[in-house]
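Structure at a glance
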Amino acid sequence: MSRDGDAAQREVRRRREAVLGGHGSGAPEAELAVHQRDRALLGSLPSAAERALVAVQTAAARGEGPDGLVRTVSRIRETLS
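Residues numbered from 1 in each chain as written. Predicted model: local features only at pLDDT ≥ 70, side-chain atom pairs only at ≥ 80, totals over all residues. Heavy atoms only, no water.

**Topic: the overall build of the protein**
Scanning the protein for helices and strands turns up four helices and two strands. The principal-axis extents of the C-alpha atoms in the protein amount to approximately 55 × 30 × 20 Å. Considering the protein as a whole, with its 81 residues, one finds that 20% of them fall into the buried category. The long-range share in the protein, meaning contacts at least 24 apart out of those at least 6 apart in sequence, stands at 13%. By element, 53% of the accessible surface of the protein is carried by carbon and sulfur atoms, the whole surface being about 6,400 Å². The distance from the centre of the 13 positive side-chain charges to the centre of the 11 negative ones in the protein is 2 Å. (Helix = DSSP H or I, 4+ residues; strand = E, 2+ residues; numbered from the N terminus. Buried < 20%, exposed > 50% of the residue type's maximum accessible area, 1.4 Å probe, protein only. Contact = heavy atoms within 4.5 Å. Areas by Shrake-Rupley, 256 points an atom, 1.4 Å probe, with all protein chains shown as cover. Lys, Arg positive; Asp, Glu negative; His and termini not counted. Charge placed at Lys NZ, Arg CZ, Asp CG, Glu CD.)

Here is the structure:
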C-alpha cells in the first residue's frame, strides 16, 4: 500500500473509533439500537412523528399527489395535538 493509502486507512480507523464506540460496522446489535432505533426523540419530536414527517417529505419529492400528503400531514398533526 502506498503512503497515501496508509494515511487514508489511518484516517478511516481514527474516524471509526469516534463512531459507535469505535465499532463502526461491527458494533453489537444493542449498541446500534441505542444510537439508531431506540431513541425517544429525534430533534424535538418523538421518533415516530419525525419518521412520519420524513416519509411525507420523501413522498412529496417523489411526486405523490397533494391529497395523500395533506391527509398524512393532518394525521400527524392530530397525533401531536
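**Details of the pattern of salt bridges**
Oppositely charged side chains are able to pair whenever their charged atoms sit close together. A complete count under the given rule lists two salt bridges for this structure. Among the ionic pairs, Glu11 bridges to Arg14, the shortest N-O distance being 2.6 Å. A residue pair is termed a helical-turn pair when its members lie 3 or 4 positions apart in one helix, as Glu11 and Arg14 do in helix H1 (residues 3-17) at three residues. Here Arg15 makes a salt bridge to Glu11, at a shortest N to O gap of 2.6 Å. (Salt bridge = Lys/Arg side-chain N within 4 Å of Asp/Glu carboxyl O.)

**Details of the environment of Gly65**
For Gly65, the location among the structural elements is in the loop between helix H3 (47-61) and helix H4 (66-80). In this structure, the C-alpha to C-alpha distance between Gly65 and Leu80, residues 15 residues apart in sequence, is 23 Å.

**Regarding H4**
Taking 1.5 Å of rise per residue, the 15 residues of H4 would be expected to cover 21 Å, and the 21 Å separating its terminal C-alpha atoms lies within 8% of that figure. Within H4 the residues assigned to the buried category are Gly68, Leu69, Thr72 and Ile76. When H4 is viewed along its axis, its buried side chains cluster within an angular range of 100 degrees and face the same direction. Residues of H4 that are exposed and point over 90 degrees away from its buried face: Pro66, Asp67, Val70, Arg71, Arg77 and Glu78. Contact partners of the buried residues in H4: H3. (Expected span 1.5 Å × (residues − 1). Arc of directions from axis to C-beta.)

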